[in-house]
Amino acid sequence: MKEKINHQSHVDRFLGFQELYDANRPAAPARVTELLTLYRGKTPELVVDVGCGTGLSTFVWNGIAARIIGVEPNPDMRMKAEEKLQRIGPDAAAVSFRPGYSNELELADGEADIITCSQSFHWMEPVSTLQEFGRVLAAGGVFGAYDCDWPPCIGWEAEQAYNKLIARAAEILTHLVPPEEAVKQSDKSEHLAQMKKSGVFRFVKEIVFHNEEICNAERIVGMAMSQGGVQSVIKLGAAAELHDELEQFRLLTEDAFRGGTRMVPLGYRLRLGVK
């Protein structure tokens, strides 16, 4: 029987800040669609975006694949994705969203050409998830797990302040959340090894590239505020304990941008496997 380990704490971590998340997180780069289509060897009929959040990684396939399904267990994130879908209307008729977990996809064997996980695979139980992806992927189908490196390239002082903010949030949570209730995410650097170990894929590879997005200081601070650890501290009523680190990050980021906007590089790591 397939192992099923789906932590509700992972779903709940992203409740209630879908607007902030959607407004500030980077959208999926077009390079992802180009690379995964290349390794599939043909234009995909069905792309399944698992852990799709607000659809930032789903709509990028619109106009490329015949069908695109975003799978997301968090109701707030999925609601935002559905809202965007309704706003786009008939131009996104190929896109749909549904609730679900990575190891319980309600899809037929061999139905999908491409499965993606954008900033999400580290929240999933890897063994059962990869076995389920292997079931759903067609022969020659491709799985791609991709993540951007945090923080974006904005200057060493602001980046150092970002790292201190994230570390402080993690430290606060160790005092507020009992160990048995703490989130248990995997290390992103282990994704490729997990894919190799699964036995699902005949070929695996890591591809490193960068993308650029137009940003100002407000958006960069918004990216930091959209991180799950920061939001967890806020939702637990301990925002005051983050005040000093957040203000230092905000001031250094504002100084880096000097009231303007610029193209900001974001590093990406794509781990792909071909079934």
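In short, a report on the structure.

What counts and what doesn't
- Residues numbered from 1 in each chain as written.
- Predicted model: local features only at pLDDT ≥ 70, side-chain atom pairs only at ≥ 80, totals over all residues.
- Heavy atoms only, no water.
- Phe/Tyr/Trp six-rings, centres within 6.5 Å; stacked < 30°, edge-to-face > 60°.
- Helix = DSSP H or I, 4+ residues; strand = E, 2+ residues; numbered from the N terminus.
- Buried < 20%, exposed > 50% of the residue type's maximum accessible area, 1.4 Å probe, protein only.
- Polar contact = N/O pair within 3.5 Å; in protein donor to acceptor, adjacent residues only side chain to side chain.
- Expected span 1.5 Å × (residues − 1).
- Arc of directions from axis to C-beta.
- Axes fitted to C-alpha atoms, helices over the stretch in contact; angles between N-to-C directions.
- Parallel < 35°, antiparallel > 145°, perpendicular 65-115°, else oblique.
- Left-handed = near helix turned anticlockwise from the far one by under 90°.
- Contact = heavy atoms within 4.5 Å.
- Nonpolar A, V, L, I, M, F, W, Y, C, P; charged D, E, K, R; others polar.

Time to look at the packing of aromatic side chains. Under the counting rule described, the total for this entry stands at eight aromatic pairs. Ring plane angle 5° and centroid distance 5.5 Å describe the contact between Phe209 and Tyr268, whose orientation is recorded as stacked. Note that Phe209 is positioned in strand E6 (residues 203-216) and Tyr268 in strand E7 (residues 261-274), a separation of 59 residues in sequence. When its relative accessible area of 9% is taken as the criterion, Phe209 is described as buried. Among the aromatic residues, those joined into a cluster by ring pairs are Phe121, Phe133, Phe143 and Phe201.

Looking now at the side chain of Asn74. As for its position among the elements, Asn74 is in the loop between strand E2 (67-71) and helix H4 (75-88). On the basis of relative accessible area, Asn74 is assigned to the buried category, the value being 1%. A distance of 3.0 Å separates a polar side-chain atom of Asn74 from the backbone nitrogen of Met77.

For helix H10 (residues 243-257), spanning 15 residues, the distance from its first C-alpha to its last is 21 Å, which sits close to the expected 21 Å at 1.5 Å a residue. Within the span of H10, buried status applies to Leu246, Phe249, Thr253 and Phe257. Each buried residue of H10 sits inside an arc of 65° when the element is viewed along its axis, so together they form one side. Set apart from the buried face of H10 by more than 90 degrees, the exposed residues are Asp244 and Leu251. In the stretch just after H10, Arg258 is the one whose phi turns positive, near 50°.

This part takes up the packing of helix H5 (residues 126-136) against helix H7 (residues 191-198). Two numbers describe a pair of packed helices, the interaxial angle and the distance between the axes. Direction vectors running N to C along H5 and H7 enclose 60°, while the axes themselves pass 10 Å from each other. Taken as axis vectors, H5 and H7 run oblique relative to one another. Note on packing geometry: the crossing formed by H5 with H7 is right-handed. Along its contact with H5, which presents Pro126, Leu130 and Gln131, the element H7 presents Gln194, Met195 and Ser198. Here the contact of H5 with H7 is built from residues that sort into three nonpolar, three polar and no charged.

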